[in-house]
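Single-letter residue listing:
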Amino acid sequence: FDVRDSGYANLDNKISKREFVELHTHLMGMGNADFWVTRIMRCYIPRKEKYNNKSGQSKVFYPFKNLYKATSVFNIGSVRKFSNEEGIYKEYLKEKMAYQLESLLFDNNSNSIIKSELRRNDKTDQDENIVGIYNSDLVDLLQNEESQIGNKGLLAIVRNWFQFLDSSGKFPSINDIVQTYRGNFTPRFFPMRFTMRDCIIYSCPEVLSILLNTILFRYGISGVNYIEFSVSVKDIMSNIFVNITDNVFDKKYLQLFPSHDYKDISDNTNPTEAFSYEPEWRKFINYYEKSKGQRWTFLAAFSRGQLEEYPTRLSTNHSPTNSVSEMFSYDNSDNILAYLTHDMLIANLVNEILTQSTNRSPDVTNFALLRVYASHLCDDSTITKMYGEHIKNIKNLYEDISTERVDIHRLNTYKESVVGLDWLGDENGFPFCALSHKEVNKFVLCMKQFNPKFGIRVHAGEGVMRGTTLNEEFRKYENIKVYGSISLMEYSFALHMYTLMDQIRRIIWNMICIKFEKDDKLNIIKDITHSTDDEDKEDISYSYNKFDLFSRNYHGIFEVGDINVRIGHGVAFLYGFNKDREFTFIDNKYAFNESKYDENLNSHNQEFIKDIAIFRQYVLRKYKIVCELNPTSNHMLLADSFNKEKACNTRTLKTFIAARLPVTLCTDDDGIWAIHKCKQHHFHISVPSEYCNEIENENIEDARYIDMLVYYGRKASFIDDKKVFKHKFEYENINFYEPIPDDIDWYLDIRQNEDNAEINNSSNSTNVPHIVPSEIINEDPV
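Because the structure is predicted, anything quoted here is derived from the model rather than measured.

A. View of the packing of helix α2 (residues 33–51) against helix α10 (residues 195–203). Between α2 and α10, whose axes approach to 13 Å, the crossing angle comes to 25°. In this view, α2 runs roughly parallel relative to α10, as classed from their interaxial angle. Handedness of the α2/α10 crossing: left-handed. Contact residues: W36, I40, M41, I45 and K48 in α2; R197, I200, I201 and S203 in α10. Across the contact of α2 with α10, the residue classes break down as six nonpolar, one polar and two charged.

Printed below as a string of structure tokens:
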């Protein structure tokens, strides 16, 4: 076989053994346009409403404010507020948006379908009339349109509410991707593709159970045996969460938790918990059986964009030596002008730091100054001011679990199904992260009592702007302001990355202290960091300043998954990587050589490049922090993959492997950009499709690289993989970088014969079905 054939064979073998995991997916980003439009809007909702017509239950309703966002008409929430003319200006804008919406959707039918509904406003706690349209009326419009030959405009718009498609509602071309989507997280990605889902879930929360049933079956036929879904922490804390997860499959498969197979619970003493029960939604729509042995869990997600205060400028009495509380001036997030985007706020802050710090020593470079301010942005006092609501939710969740103040079923679902925390959202302009806060650390410590692998995932290094890579002539003739030879955007990128790296270091440091305290090895930290015996343990746990000293001087080996921290995406951490500069060939192995980065350290941004290289070595490699690479997501959304000196969006996986950074492949939102199948094979859908495309694109140069990527995914999961996969993971050592013989142990530290459970291929290996439902694979089901 050549590389491709052997790679496909290895891939098919792993599908048949169901060895894949999916670590990076968002529940509300799942389900493509066929699922939401064909199955839910046009099939399930009309049938349910007809069945419930006599009971007077409310119908699915789409308010205008959601329609504005879904169709990319002006969003009134993001329009500049005028102090004196706000009322008149808002009234005019509302009518203007309604006019545009009418021309897009209603086609002379607006008088008959525009309705109002009385709803409770959560902010004011008052009932108010909301204008919009009912799902039944929208479905009638779609049916009327289908009767007109060649007229599919409305259907194309509605399908685009849920999935990245072209203007005709079909799969986008490369031109659509580049011109419309790439780099546009907002509004083309969020909230446009999510807002109508919220309307449906508001009236029919059981649709989430249908969604889980469908996508878990889809994962099952693609060989994915373990999935971690990211779900909003507010949804997890809501009353409907347990009910949704309990009604995904028939009760004959379940005891208390959706992730347990009933066949695995042989010692059940309460037979009433195992009676045969079917979810009520099965009356109205197709049901898929649970894949044998499949397990899924949830990450409680926090959005980095939901902050109360934003540090927009330096305070009048700022100084790097002052207390953090005196460092910044903040603006309420509601008062930030829409045209002044958040990345511009970061740029404004950087400009103040560089121009107002006049009393510093001549030896303190601009990058060194940014490192100091980044550390202040990561301090608990700053995070509390910015993300007070998130910290409050963490405290409430901690109280729910530690004091057992919720009912036992809900409490057990938390303990069993919630395996980690997730920090997500549009990163550009939001480098901050609240998950390093001490209140989060208390919660993690509590959850590790029930699941020792409870972890934290941070979306980082995704969609960040590093500054143009065009030549100096562009900057010269376009009058781009520079500080020395470096532009404001480049320095803004540096502050962004310094803040990210600082937050991730703090999170890892907290996890190290939890691990060492649990293992009774806290004295090791004291010895290496020169802590005194009378120093309080809590002070040691939250002392970030000791991190670098510990990382450089502790020579113990960390295995993959020991720290229980992962990075979603992480592509920006490839910035400045050069294999020949980063590694030195010593004793028949490549070793990190920091001194090479000291050459020409004062030229351009070499100091910053060295800082990222140190982060790669003493954080990502040292603690084997796995990055979750999402090739299709990167192709659709990212304008830059940071793996070249010039801006590009190619060869990201190949660069991760060359940099010896732990990485695994995931799908991200396999619904908004539906990964139906690879170019070559009908049954390579979802996660295997990502692997197959990387083989086809020659980013996987050896079939055994697949073993490496799958191994990382399994070991980095926030659950004991031995509970999910019953057979041993057999791995053959390979030579990654000639002329290094058998260097795989240095890089991966993978053992061929891992002490897993007994091999049981007969009960855990299922062949891929030859016939797969068209709605699961095809873009347009019959």
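Continuing now.
B. Main features of the packing of aromatic side chains. Applying the stated criterion across every chain, the model contains 40 aromatic pairs. Aromatic pair F229 and F298: ring centres 6.2 Å apart, planes at 35°, arrangement tilted. Within this pair, whereas F229 is found in strand β5 (residues 224–232), its partner F298 is found in strand β6 (residues 295–303), the two being separated by 69 residues in sequence. By way of ring pairs, the aromatic residues F367, Y491, F493, Y498, Y575, F608 and F642 are connected into one cluster. A cation over an aromatic ring shows up here: R197 above the ring of F194, its NZ or CZ 5.8 Å from the ring centre. Over the aromatic face of F718 sits the side chain of R566, whose NZ or CZ is 4.0 Å from the ring centroid.

C. Region of interest: the sheet that holds strand β3 (residues 115–121). A sheet is described by the order of its strands in space; here three strands give the open sequence β2-β4-β3, paired in antiparallel fashion. On the outer flanks of this sheet lie β2 (61–63) and β3, each paired with one strand and no other. Geometrically, the sheet is characterised by an average inter-axis angle of 55° between neighbouring strands, direction not taken into account. Across the sheet, helix α6 (residues 135–146) touches β2, β3 and β4 (126–134), and the angle it forms with β4 is around 15°. Here α10 sits on the sheet in contact with β2 and β3, set at roughly 140° to β2.

D. Representation of the nonpolar core within the structure. Counting residues in hydrophobic clusters, the biggest one holds 209 residues, and the most contacted among them are Y62, F229 and L421. Take this core: its biggest share by element is 17 residues, from helix α21 (residues 488–518). Beyond its immediate stretch of four places on either side in the chain, Y62 contacts M41, I45, L67, G132, I133, Y134, N135, L138, M196, C199 and I200.

Cut-offs and rules
- Residues numbered from 1 in each chain as written.
- Predicted model: local features only at pLDDT ≥ 70, side-chain atom pairs only at ≥ 80, totals over all residues.
- Heavy atoms only, no water.
- Axes fitted to C-alpha atoms, helices over the stretch in contact; angles between N-to-C directions.
- Helix = DSSP H or I, 4+ residues; strand = E, 2+ residues; numbered from the N terminus.
- Parallel < 35°, antiparallel > 145°, perpendicular 65-115°, else oblique.
- Left-handed = near helix turned anticlockwise from the far one by under 90°.
- Contact = heavy atoms within 4.5 Å.
- Nonpolar A, V, L, I, M, F, W, Y, C, P; charged D, E, K, R; others polar.
- Phe/Tyr/Trp six-rings, centres within 6.5 Å; stacked < 30°, edge-to-face > 60°.
- Lys NZ or Arg CZ within 6 Å of the ring centre and 35° of its normal.
- Pairing = 2+ DSSP bridges.
- Core = buried A, V, L, I, M, F, W, Y, C linked by side-chain atoms within 4.5 Å.
- Buried < 20%, exposed > 50% of the residue type's maximum accessible area, 1.4 Å probe, protein only.

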